[in-house]
Amino acid sequence: MRVLRLLVWTYGVAGVLSLLVIPVSAKGWFGLAPDPLAAVFAILLAMPWGLMLLGMLPGDSPLLAGACLAASIGLNLLIGVWLLRWLRQRMERKRAGRAKLR
C-alpha cells in the first residue's frame, strides 16, 4: 500500500513539474533554450484524457491546451487517490471479516 501511495505522489509531482516546464521552456527562463517539444511530458502524463480533450479544442489556444492538460493530470491523480482509498477500505473490511470469524 505504501508503494502505491508513493507512486501516486510521484505521479502528482511529475505532473506539476511537467506543466511548469512548458512556460519555462517557451519563455526561455533560467537560460533554457526554447524547446517546441516541452509539452510532450505533460501530454504523456495526461493520457488518455488529454488526447480526447486536446482533440476537441476549437482553436490553437495554448492557454486552453494547458488547462486541458492540467485537468487531465488532475483527473488521473484523483483516480489514483480514489483507488488507494478503495483498496484501503477493502483491506479493512477483509480484516474485520476475519476478526468476526475468530
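Note that the structure is a prediction, hence the values are computed from the model and not measured.

K.L.:
Please clarify how the packing of aromatic side chains should be interpreted in this entry.
P.N.:
Geometrically, a pair of aromatic rings is defined through the distance of the ring centres and the angle of the planes. One pass over the structure, following the stated rule, counts 1 aromatic pair. Judged by centre distance (6.5 Å) and plane angle (15°), the ring pair of Trp 82 and Trp 86 falls under stacked. Of this pair, Trp 82 and Trp 86 both sit in helix 4 (residues 62–101), 4 residues apart, roughly one helical turn. The exposure class of Trp 86 is partly exposed, given its relative accessible area of 35%.

K.L.:
Just checking my understanding: could you explain the nonpolar core for this structure?
P.N.:
Membership of the largest hydrophobic core is limited to 5 residues, which are Tyr 11, Ala 42, Ala 46, Leu 69 and Ile 73. Those residues in contact with Ile 73 that lie beyond four places of it in its chain are Tyr 11, Gly 15, Ser 18, Leu 19, Ala 42, Leu 45 and Ala 46.

How each quantity is defined
- Residues numbered from 1 in each chain as written.
- Predicted model: local features only at pLDDT ≥ 70, side-chain atom pairs only at ≥ 80, totals over all residues.
- Heavy atoms only, no water.
- Phe/Tyr/Trp six-rings, centres within 6.5 Å; stacked < 30°, edge-to-face > 60°.
- Helix = DSSP H or I, 4+ residues; strand = E, 2+ residues; numbered from the N terminus.
- Buried < 20%, exposed > 50% of the residue type's maximum accessible area, 1.4 Å probe, protein only.
- Core = buried A, V, L, I, M, F, W, Y, C linked by side-chain atoms within 4.5 Å.
- Contact = heavy atoms within 4.5 Å.

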